[in-house]
Amino acid sequence: AAIALVAYAALEIARRRILSRSGIWLEKELGPRVIDASLQAKLRGASIGAQGLRDLAGVRNFLSGEALTAFMDAPWFPVFAFMIYLVHPVLGIVSVIGAGLLVTCAYLNDRLSQARLAAANSGSQAANGHAEQAIANAEAVRAMGMRHAVIALWNSDAANARDDQLKAADTNTNWTSVAKFLRFGLQIGVLGAGAFFVLAGEMTAGGMIAASILLGRALAPAERAIGSWRGYKSAKSSLANLDKILNALPPEPVRLTMPEPKGEVEATNLRYQPPGAQEPTLQQVTFKLLAGETCVVIGPSGAGKSTLCRLLIGAAEPQLGEVRLDGVEVHHWPPDQIGAYIGYAPQDAALFSGSISRNIARLGEADSDKIVKAATLARAHDLISRLPDGYETDIGVGGSRLSGGQRQRIALARALYGDPKLVVLDEPDAHLDEDGRAALTDCLKDLRTRGVTLIVVTHVTQIANAADKALVLENGRSTAFAETERVLAAIAKRRRQFAEAAADAKPRLVSGGGGPARPTAAAAPPTAPEGSHGEN
């Protein structure tokens, strides 16, 4: 018996260690794929956030937890039942009936709690989503007195989820208790039946005790499986979600390494319509820039300027048309390779938690010389040096410890890290003061002298005047693309014509159909870059 117990303990230790390592192995193998698929989903407009990683963690926990061992022990029931049958056939039949009753309990528990668990999970996700949005916009919530409204909204969503969760838990508790009642009752029943057969001379007292022990050992996995059924269903759902994500978003194919680009950019007949949108954001946009040229993109809000930036860097794929870097379509470049040649600064800066040096180095291995060079080129070195810990200053979540202007200048330094050939800046001056804009203008001049191809979305005349070309977007279409002087002159002429027409129309009243006289409405003024002071 001692040898058997030692062997059992050794096998149990080995099994649990194998399962724990299997869960870790699974996360290590699939984690990068899940992150890559999540990034692809975000770029395609179907953000799933960290749900894929949560599903992977759920599967890993199931593999490493108690639930799986119960299911692994269940197949041994026929062996124990056969041994009980050898002790006495009637006791073997009783054990089989008991196991059937426990399986029925597990089935009913699943059927009765499944819908409520799904509703509870859905409601909980909705409530947490609203709470996360409110926390992300804590300043607006505090400033406009929305705290009670946020709490009320969360309570409303969470109340239904809690109710469904409680009912599902009650159902699980009830059937787990029934299962325990059945198992204990069966063990007592086997002892009673065994005593009867002992008195009848059909078996020995030792056989009676053995049958009771074997029955408890045979039914224990079934009882544990009922308690672990929720974990099994959750893991099954997580595995199905992972399967859906990874099949819908396969890994990008391995592509041939391309020679280092010079920076020539060509966009041909671009059309992009976000998923679920009724109208395209961009359509029929065509232009070409030679290596080293600077182009400003001008247009009103909603004209599609940010979308164009995303298409140019390969962060989105057009439904029609193509973007080429040095003649090669951007999605045909290996993603890791093309990233080293592109610098991009979005409107919201999009910094990461950690130090400034880590952000400038694009989360990669820090190269001090390259970091300082990029910050100096972005005119951010002095700004960073004045911070408490310099380049090692912890900027908080998303750069929350920095001002908007500081975040934008660090994002510019990140875009210039590693001497990229193409730099795309989406309103890099949005949060800058006069000194910051002057520093940005000097930076752009330096980039031009270095032969970097620049595409800058801006409303500032000072920046626009320093560009070689100008692209005007209105309602998602390119209405002009030419030398900057010609485009700005045409815009200025249209503005004068509009002002003159508005001045002529202002005193005139139009009366129609006997109704009251009303002033005529002039068309909206054309798009033009705006300086911080005075006329353009």
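See the structure printed just above.
Cut-offs used in this document
- Per chain, residue numbering runs from 1 following the sequence as it is written.
- It should be noted that, the model being predicted, local features are given only for residues of pLDDT at least 70 and side-chain atom pairs only at 80 or more, the latter also being counted only at that level, while totals for whole chains, interfaces and linings use all residues.
- Computation of side-chain values: all heavy atoms of the structure, hydrogens and water removed.
- Going along the chain from the N terminus, every DSSP run of H or I of four or more residues is numbered as a helix, and every run of E of two or more is numbered as a strand.
- By definition here, a helix of n residues has an expected span of 1.5 Å times n minus one.
- Throughout, exposure labels follow a simple rule: accessible area from a 1.4 Å probe, protein chains only, divided by the maximum for the residue type, with under 20% read as buried, over 50% as exposed, and the rest as partly exposed.
- The directions considered for the arc are those from the helix axis to the C-beta atoms.
- The contact rule is simple, with two residues in contact once any of their heavy atoms fall within 4.5 Å.
- Grid points spaced at 1 Å over the protein atoms alone were grouped into cavities, where a 1.4 Å probe fits but cannot get out, and pockets, open sets with protein on both sides within 12 Å along at least five of seven lines, with lining residues defined by an atom within 4 Å of a point.
- Grid points are joined across faces, edges and corners, and a volume is the space filled by probe spheres set on the points.
- Under this grouping Gly is polar, as are all residues other than the nonpolar Ala, Val, Leu, Ile, Met, Phe, Trp, Tyr, Cys and Pro and the charged Asp, Glu, Lys and Arg.
- If DSSP finds at least two bridges between two strands, the strands pair.
- By convention, a crossover is right-handed whenever its connection, traced from the first strand over the helix to the second and viewed with the strands pointing away, goes clockwise.
- Nitrogen and oxygen atoms within 3.5 Å of one another constitute a polar contact, given that in protein one can donate a hydrogen and the other can accept it, and given that sequence-neighbouring residues count only through two side-chain atoms.
- Note on geometry: axes are lines fitted to C-alpha atoms, helical ones only across the stretch in contact, with angles between N-to-C directions running from 0 to 180 degrees.
- Angle categories are assigned with fixed cut-offs, so that under 35 degrees is roughly parallel, over 145 is roughly antiparallel, 65 to 115 is roughly perpendicular, and the rest are oblique.
- Whether a crossing is left-handed or right-handed is set by the direction in which the near helix is turned from the far one by less than a right angle, anticlockwise for left-handed and clockwise for right-handed.

A. Main features of helix α9 (residues 229-248). Over its 20 residues, α9 extends 28 Å from the first C-alpha to the last, a length consistent with the 28 Å expected when each residue adds 1.5 Å. Every buried residue belonging to α9 is among A235, S238, L242, I245 and L246, and all of these are buried. For α9, the angular spread of buried residues about the axis comes to 90°, placing them on one side. Of the residues in α9, the exposed ones pointing more than 90 degrees away from the buried face are K244 and N247. Tucked into the core, α9 has its buried residues touching α1 (2-43) and α2 (51-64).

B. Region of the structure containing the layout of surface pockets. Taken as a whole, the second largest pocket spans an internal volume of roughly 870 Å³. Along the walls of the second largest pocket sit 27 residues, with Q51, N121, Q125, S234 and S237 positioned nearest its centre. Those elements giving two or more residues to the lining of the second largest pocket turn out to be α2, α5 (89-136), α7 (147-199) and α9. Here the element with the most residues in the lining of the second largest pocket is α5; it accounts for 13 residues. Grouping the constituent residues of the lining of the second largest pocket by class yields 3 nonpolar, 17 polar and 7 charged.

C. Layout of the pairing of strand β4 (residues 320-325). Pairing between strand β1 (residues 265-272) and β4: 5 bridges, direction antiparallel. When the bridges of β4 are listed, R271 appears paired with L320. Pairing geometry for β4 and strand β5 (residues 328-329), over 2 bridges, is antiparallel. Residue R324 lies in a different strand from β5, and its bridge partner there is E329. Turn length for the β4-β5 hairpin, with the two strands adjacent in sequence and antiparallel, is 2 residues, and the turn residue D326 shows positive phi of about 55°.

D. Inspection of the sheet that holds β5 at higher detail. The sheet built from 4 strands is open, its strands ordered β2-β1-β4-β5 with antiparallel pairing. The strands lining the two open edges of the sheet, one partner per strand, are β2 (282-289) and β5.

E. Structural view of the pairing of strand β8 (residues 453-457). Of all the 5 residues making up β8, 5 are buried; the element is thus mostly covered by neighbouring parts of the structure. Side chains T453, I455 and V457 project from β8 onto one buried face, and the interleaved L454 and V456 project onto a second face that is buried too. Across 4 bridges, strand β3 (residues 294-298) lies against β8 in parallel orientation. If you follow V296 over to β8, its bridge partner there is V456. Summarising the sheet, strand β7 (residues 422-426) and β8 pair through 5 bridges and their orientation is parallel. Each bridged residue has a counterpart across the sheet, and for L425 the counterpart in β8 is V456. After leaving β7, the chain enters helix α16 (residues 434-449) and then returns to the sheet as β8, a path that is right-handed.

F. Representation of the side chain of Q283. Examined against the element boundaries, Q283 turns out to sit in strand β2. Given the relative accessible area of 19%, Q283 is considered buried. Within the local environment of Q283, its side chain forms a polar contact with the side chain of R477, the two groups lying 3.4 Å apart. Look past the residues within four positions of Q283 in its chain and what remains in contact with it is L270, R271, G476 and R477.

G. Molecular detail of helix α15 (residues 404-415). A rise of 1.5 Å per residue sets the reference length of α15, with its 12 residues, at 16 Å; its end C-alpha atoms lie 16 Å apart and thus fit the reference within 8%. Most of α15 sits out of view: 9 of its 12 residues are buried. When we look at burial in α15, the residues that qualify are G405, Q408, R409, I410, A411, L412, A413, R414 and A415. Where α15 is buried, its residues contact β6 (342-345), α12 (356-360), α13 (368-377), α14 (381-385), β7 and α16.

H. View of empty space enclosed by the protein. If you walk through the whole model with that rule in mind, you get 4 cavities of 30 Å³ or more. Estimates place the volume of the largest cavity at around 60 Å³. Residues that form the lining of the largest cavity fall into these classes: 4 nonpolar, 1 polar and 3 charged. Here the second largest cavity is characterised by a volume of approximately 40 Å³.

I. Just the sheet that holds β6, in detail. If you walk across this open sheet you meet the 6 strands as β6-β7-β8-β3-β9-β10, and the pairing is mixed. Each edge of the sheet is formed by a strand with only one pairing partner; in this case those strands are β6 and β10 (477-483). Ignoring strand direction, the axes of neighbouring strands in this sheet form an average angle of 15°. Of the strands in this sheet, β6 and β7 are in contact with α15, which crosses β6 at around 170°. Most of the contacts of α16 go to β8, to which it runs at about 150°, and overall it touches β3, β7 and β8.

J. Expanded view of the packing of α5 against α9. The N-to-C vectors of α5 and α9 enclose an angle of 55°; their axes lie 10 Å apart at closest approach. In terms of their interaxial angle, α5 and α9 are classed as oblique. Of the two possible hands of crossing, α5 and α9 adopt the one that is right-handed. Side by side, α5 and α9 meet where A106, N109, D110, Q114 and L117 of the first sit next to W229, R230 and K233 of the second. By residue class, the composition of the contact of α5 with α9 is 3 nonpolar, 2 polar and 3 charged.

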